[in-house]
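# A look at the structure
Given next are the chains, with one letter for each unit.
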Amino acid sequence: MKIVFIGAGKLATNLSRALLAAGHDIVQVYSRTMESARQVAAIAGGAPTADIQSLNKNADVYIVAVKDSAMPEILPLVCKGIEQKVFIHTAGSLPMGIFKGMALHYGVLYPMQSFSKERAVDFEEIPCFIEGNDHLATETVSELATSISKDVRHLSSEDRRYLHLAAVFACNFVNHCYALSADILLKHGLPFEVMLPLIRETARKVEQMSPGEAQTGPAVRYDENVIRIQSQMLRDDPFAKEIYERMSLSIHRKAMKK
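Residues numbered from 1 in each chain as written. Predicted model: local features only at pLDDT ≥ 70, side-chain atom pairs only at ≥ 80, totals over all residues. Heavy atoms only, no water.

## Regarding helix α1 (residues 10-21)
Between its first and last C-alpha, α1 extends 17 Å over 12 residues, near the 16 Å set by a 1.5 Å rise per residue. Looking only at α1, the buried set comprises Leu 11, Ala 12, Thr 13, Asn 14, Leu 15, Ser 16, Ala 18 and Leu 19. Directly after α1, the chain includes Gly 23, whose backbone phi takes a positive value near 105°. (Helix = DSSP H or I, 4+ residues; strand = E, 2+ residues; numbered from the N terminus. Expected span 1.5 Å × (residues − 1). Buried < 20%, exposed > 50% of the residue type's maximum accessible area, 1.4 Å probe, protein only.)

## Structural notes on the pairing of strand β4 (residues 61-64)
With burial as the criterion, each face of β4 is covered, one bearing Val 61 and Ile 63 and the other bearing Tyr 62 and Val 64. Two elements, strand β1 (residues 2-6) and β4, share 4 bridges in a ladder whose sense is parallel. Bridge pairing in β4 places Phe 5 opposite Ile 63. Taken together, the 4 bridges between β4 and strand β5 (residues 86-89) define a ladder with parallel strand orientation. Its bridge partner lying in β5, Val 61 is registered against Val 86. In terms of handedness, the path from β4 via helix α3 (residues 71-79) over to β5 forms a crossover that is right-handed. (Pairing = 2+ DSSP bridges. Right-handed = clockwise from strand over helix to strand, strands pointing away.)

## Considerations on the packing of α1 against helix α4 (residues 135-148)
Packing of α1 against α4 leaves a shortest axis separation of 9 Å and a crossing angle of 85°. Between α1 and α4, the interaxial angle falls into the category roughly perpendicular. Along its contact with α1, which presents Leu 15, Ala 18 and Leu 19, the element α4 presents Leu 144, Ser 147 and Ile 148. (Axes fitted to C-alpha atoms, helices over the stretch in contact; angles between N-to-C directions. Parallel < 35°, antiparallel > 145°, perpendicular 65-115°, else oblique. Contact = heavy atoms within 4.5 Å.)

## Describing the sheet that holds strand β3 (residues 47-49)
Sheet strands pair by backbone hydrogen bonding; their relative direction is either parallel or antiparallel. The strand order across the open sheet formed by 8 strands is β3-β2-β1-β4-β5-β6-β7-β8, and the pairing between neighbours is mixed. The sheet is open, and its two edges are formed by β3 and β8 (152-154), each paired on a single side. Pairwise comparison of adjacent strand axes, ignoring direction, gives a mean angle of 25° for this sheet. Relative to β8, strand β7 (residues 128-132) runs parallel, the two sharing 3 bridges. Considered in β8, the bridge of Ile 130 is made with His 154. Here α1 sits on the sheet and contacts β1, β2 (25-30), β4 and β6 (105-111); the angle it forms with β1, its principal contact strand, is near 170°. Its contacts with the sheet place α4 against β1, β4, β5, β6, β7 and β8, and it is angled at close to 25° to β6.

## A closer look at unusual backbone geometry
Comment: phi is negative for the bulk of residues other than glycine, and the bulk of peptide bonds are trans. Positive phi values are uncommon outside glycine, yet Tyr 222 reaches one of about 50°. Locating Tyr 222 in the fold gives a position in the loop between α8 (218-221) and α9 (224-233). The partly exposed category is assigned to Tyr 222, whose relative accessible area is 27%.

## Description of the packing of α1 against helix α2 (residues 34-44)
At a minimum axis separation of 9 Å, α1 and α2 run at an interaxial angle of 25°. Taken together, the axis directions place α1 and α2 in an arrangement best described as roughly parallel. The handedness of the crossing between α1 and α2 is right-handed. Taken together, the residues of α2 that come into contact with α1 (itself represented by Ala 12, Thr 13, Ser 16, Arg 17 and Leu 20) are Val 40, Ile 43 and Ala 44. For the contact of α1 with α2, the class distribution of residues is 5 nonpolar, 2 polar and 1 charged. (Left-handed = near helix turned anticlockwise from the far one by under 90°. Nonpolar A, V, L, I, M, F, W, Y, C, P; charged D, E, K, R; others polar.)

Structure follows, in structure tokens:
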């Protein structure tokens, strides 16, 4: 397919690279800055542009991969004059219906993964959640998704919101805990690398058992002596102290319910 990308961030960089590798033609990349558009175009091909009025009108699909807050402003500009084309957004938390009234055929392709511009990912292993408002949109999104991923699932906008919420806990919040751990280690002259075997084993365990079954540590049994001492060790960082205490309580409550 001939594809125009609107957006040049982390997701656009990785998705455009994967679609190019799958044989699709990235004909144009739009970004608010020409520098960003050129960076993605250099990876995925196509003509870079920073002028929304100069979007290529002859593509098959227009993939909008910008931050959620920019959608209401940019969608009317993207869809104007080419309402009969297929439009796709990539957001986990926005409904498919955000295109309603501006386009005839539209859908969602949400690859559930954490992306970085500097690190290429294997899209074959990434679950892609798709949705379309009609047959043409659904078929188009499905063809794009199955060309890059072995795990493609249809999911409604409402359910995708909860999928995205779950991903925030499983990825963003976990990574923040890594950052807090790194801060503690740094203050005492230890490298974060000492945590890597522990992190890898924790990840391996949840491939073989449920997260509840894999949970260990003083909070499971609510060892008050350990929890009190460790909480006090964080007294100079009130936010980290509160996270520690609330997380410990949440772990214990879930263990008790089990």
